[in-house]
Amino acid sequence: MRFDYHPPTTKFKSFHLRRLFLSYMVFIGIGCITFTLLTHGTNTTVSETIPTASTKRPVVLAKSNHISNSNATLSLKKAGTRSATLDITPLDSVAEPAPVQVAKITTPLQETGLAVWQTITVQVGDTLSNLFDRLGISKLTYKNLMASGKSVDELTKIYPGQKLDFLFDDSKDLKAVKFNLSTTKTLHVTNEGSKFKYSYEEQKPIKKLNFSTGKIAGSLYSSAQTAGLNEKLIMQMADILACDIDFTLDVRDNDSFRVLYEEEFVNEKKINQGKILAIEFNNQGKSYKAVHYTDDKGHTGYYSPDGYSLQKAFLRSPVEFTRISSHFSKARLHPILHKIRAHKGVDYAAPTGTPIKSAGDGRVSFLGTKNGYGKSIEITHGQKYSTFYAHLSRFHKQLRHGSYVKQGQIIGYVGKTGLATAPHLHYEFRINGVHHNPVTVPLPSASPIPIKSKTAFNTHAKNVLALLDTHSQEAKDD
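Read on for a plain summary of the structure.

How each quantity is defined
Residues numbered from 1 in each chain as written. Predicted model: local features only at pLDDT ≥ 70, side-chain atom pairs only at ≥ 80, totals over all residues. Heavy atoms only, no water. Core = buried A, V, L, I, M, F, W, Y, C linked by side-chain atoms within 4.5 Å. Buried < 20%, exposed > 50% of the residue type's maximum accessible area, 1.4 Å probe, protein only. Helix = DSSP H or I, 4+ residues; strand = E, 2+ residues; numbered from the N terminus. Contact = heavy atoms within 4.5 Å. Pairing = 2+ DSSP bridges. Axes fitted to C-alpha atoms, helices over the stretch in contact; angles between N-to-C directions. Phe/Tyr/Trp six-rings, centres within 6.5 Å; stacked < 30°, edge-to-face > 60°. Salt bridge = Lys/Arg side-chain N within 4 Å of Asp/Glu carboxyl O.

By size, the foremost hydrophobic cluster in this structure holds 25 residues, and its most contacted members are Ile356, Ile377, Tyr389, Ile411, Leu425 and Phe429. Counting residues per element, the ones that place at least two in this core are strand S18 (346–349), strand S21 (375–381), strand S22 (385–395), strand S24 (410–414) and strand S25 (424–431). It is S25 that provides the largest number of residues to this core, a total of 4 residues. Each residue touching Phe429, except ones within four places of it in the same chain, is listed here: Phe314, Tyr385, Ser386, Thr387, Val434, His435, His436, Pro438, Val441 and Leu443. The next biggest cluster of nonpolar side chains, apart from the first, holds 23 residues, and it includes Ile234, Ile245, Phe247 and Ala290.

Put into structure tokens, the structure is as follows:
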């Protein structure tokens, strides 16, 4: 019998070589995995790929995230249909690594200081709602805040420059808000879950005395500022002595003044220059003194050292003016009509819109347009006196016919309605219906200190004027 030998074909050889190569690579892969598991111990993640000739895709070894030191099972999965299972027993001598320690904060919030205050300054156009949005505070929190109390009106009336303080915890949740309503008053709002609790904190200012002295050089305003008085105190000084001194026409260079006044402090910070307690003004060689006094009924005013009120029943001029453009006259050439006729008042030149004040307490008896006087107001002051204001640009919006007004209350604004060539106030003063010159007419005074209060007033006036003299002497010594 004849046997022919046929050598293996190329295809047959290739098949066996691939099979041998694959077995070799699997064996090497299993060895590497065993070595890794034995050397790394617990909590090891393993991933390996083995190229295959048949699929030309890698064989992926499955992951085992938690392999203990006891027997473990590792699944080998090839991309395709085949899978295998391998049991591994690590060496007992492999040391277990120490567990990782993670820090955890358990200290209460108030002890850790994790709550953080954030201060916001209100800008022009800001509202409380958009401030909350800017800080990332939820709409629900804002809604609960706005529905939680009567103080909500104060929360919505924020203004540019106001400072608001927000307290957030470590989770960035809103815990409290502080609204600085003024230099002395703060509103505290505390978040208690779905509700907010309101409370107020008020600091009473500490009052201290201060003193200023000066001499007129140019104008009262600039001279008083040089002496350390602010605008509020300068206006106080002018108002106190307005019935005795016309600060527009009567003040001269080298006139002098001394002022004793209060200042208010909160936390050692000056917040305000308060009221004047005593003043002396030397005008053209004549001395005028005034003392602040409050009686046992709470009535407050300024009085001369002998107890007469410095507040007259009427203001000498009801408007701040630049000059008298036309005086009181029985015969004057009218600038528009070009006729000689009486000018029964005084014209005070002032810019359009300058406020006009009621010269005294009284009731509005006329409000409207009156012939060549344009927009006009007439006020009766009891049965004896009346005043008249003409050529106004407009009336105060709250003023009506029959309205009761107080001395110094704004009733309208300077204009040039009617027969007028330029903005000014035409002002008339009448006694029993007869016109008098407002600049020179003697003005009635307010009531003096009652006889039963005179002793207490005299003691007060003596002490305050003594303080004024003491500060004056100290200023000279310095």
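Taking strand neighbours across the sheet as the criterion, the 5 strands line up as S10-S11-S12-S13-S14 in an open arrangement whose pairing is antiparallel. The open sheet has two edge strands, strand S10 (206–215) and strand S14 (300–303), and neither has a second partner. Strand-to-strand, the axes of this sheet are offset by a mean angle of 25 degrees, without reference to chain direction. Relative to strand S12 (residues 269–283), helix H7 (residues 231–240) is tilted by about 35 degrees, and along the sheet it contacts strand S11 (256–266), S12, strand S13 (286–294) and S14.

Turning next to the environment of Lys232. The residue Lys232 is located in helix H7 in this model. The class of Lys232 is partly exposed, set by a relative accessible area of 43%. In the structure, Lys232 is positioned 43 residues away from Lys275 in sequence and 9.1 Å away in space, judged by C-alpha atoms. Look past the residues within four positions of Lys232 in its chain and what remains in contact with it is Asn272 and Gln273.

In this section: the packing of aromatic side chains. This structure, assessed with the given rule, holds 12 aromatic pairs. Between the aromatic rings of Phe257 and Phe281, the centroid separation amounts to 6.3 Å while the plane-to-plane angle is 15 degrees, which identifies the pairing as stacked. Placement of the pair is Phe257 in strand S11 and Phe281 in strand S12, with a sequence separation of 24 residues. A residue is classified by how much of its surface remains accessible, and Phe281, at 0% relative accessible area, is buried. When the ring of Tyr293 is compared with that of Phe457, the centres are 5.2 Å apart and the planes differ by 85 degrees; the resulting orientation is edge-to-face. Separated by 164 residues along the polypeptide, Tyr293 in strand S13 and Phe457 in helix H8 (residues 454–477) bring together distant segments of the chain. There is no split in this pair, since Tyr293 and Phe457 are both buried. Taken together through their ring pairs, the aromatic side chains of Phe132, Tyr142, Phe166 and Phe168 make up a single cluster.

Before going further, it helps to spend a moment on the pairing of S21. Each regular strand displays side chains that alternate between the two surfaces of the sheet. Of all 7 residues that make up S21, 5 are buried, and the element is covered over most of its length. Strand direction decides the pairing type here: strand S20 (residues 362–369) and S21, joined by 6 bridges, are antiparallel. When the sheet's bridge partners are listed, Arg363 is paired in S21 with Thr380. Here S20 folds back onto S21, and the loop between the two strands holds 5 residues, one of which, Asn371, carries a positive phi near 45 degrees. Both S21 and S22 contribute to a ladder of 6 bridges, which runs antiparallel. Looking across to S22, one finds that Ile379 is bridged to Thr387. Two successive antiparallel strands, S21 and S22, enclose a turn made up of 3 residues, where Gly382 displays a positive phi of approximately 75 degrees.

Here the focus is the pattern of salt bridges. Within this structure, the stated rule accounts for 9 salt bridges. Note that Lys139 is salt-bridged to Asp133, the shortest N-O span being 3.3 Å. The closest approach of N and O atoms between Glu428 and Arg430, which form a salt bridge, is 2.9 Å. Three or more residues joined by partner-sharing salt bridges are found here, namely Arg258, Glu280 and Asp469.

Moving on, we come to the environment of Leu465. Summarising the element assignment, Leu465 is placed in helix H8. According to the relative accessible area criterion, Leu465 is buried, its value standing at 14%. With 188 residues separating them in the primary sequence, Leu465 and Leu277 have C-alpha atoms 9.1 Å apart. With residues near it in sequence (within four places) discarded, Leu465 still touches Lys289, Val291 and Pro305.

What follows covers the sheet that holds strand S9 (residues 196–202). One open sheet accounts for 5 strands, arranged S5-S6-S7-S8-S9; its pairing is antiparallel. This sheet does not close on itself; its edge strands, each paired only once, are strand S5 (116–121) and S9. Averaged over neighbouring strand pairs, the angle between their axes works out to 20 degrees when direction is ignored. Judged from the 5 bridges that link them, strand S7 (residues 174–180) and strand S8 (residues 185–191) form a sheet pairing that is antiparallel. Of the residues in S8, the one forming a bridge with Lys178 is His188. Of the strands in this sheet, S7, S8 and S9 are in contact with helix H4 (residues 139–146), which crosses S9 at around 60 degrees.

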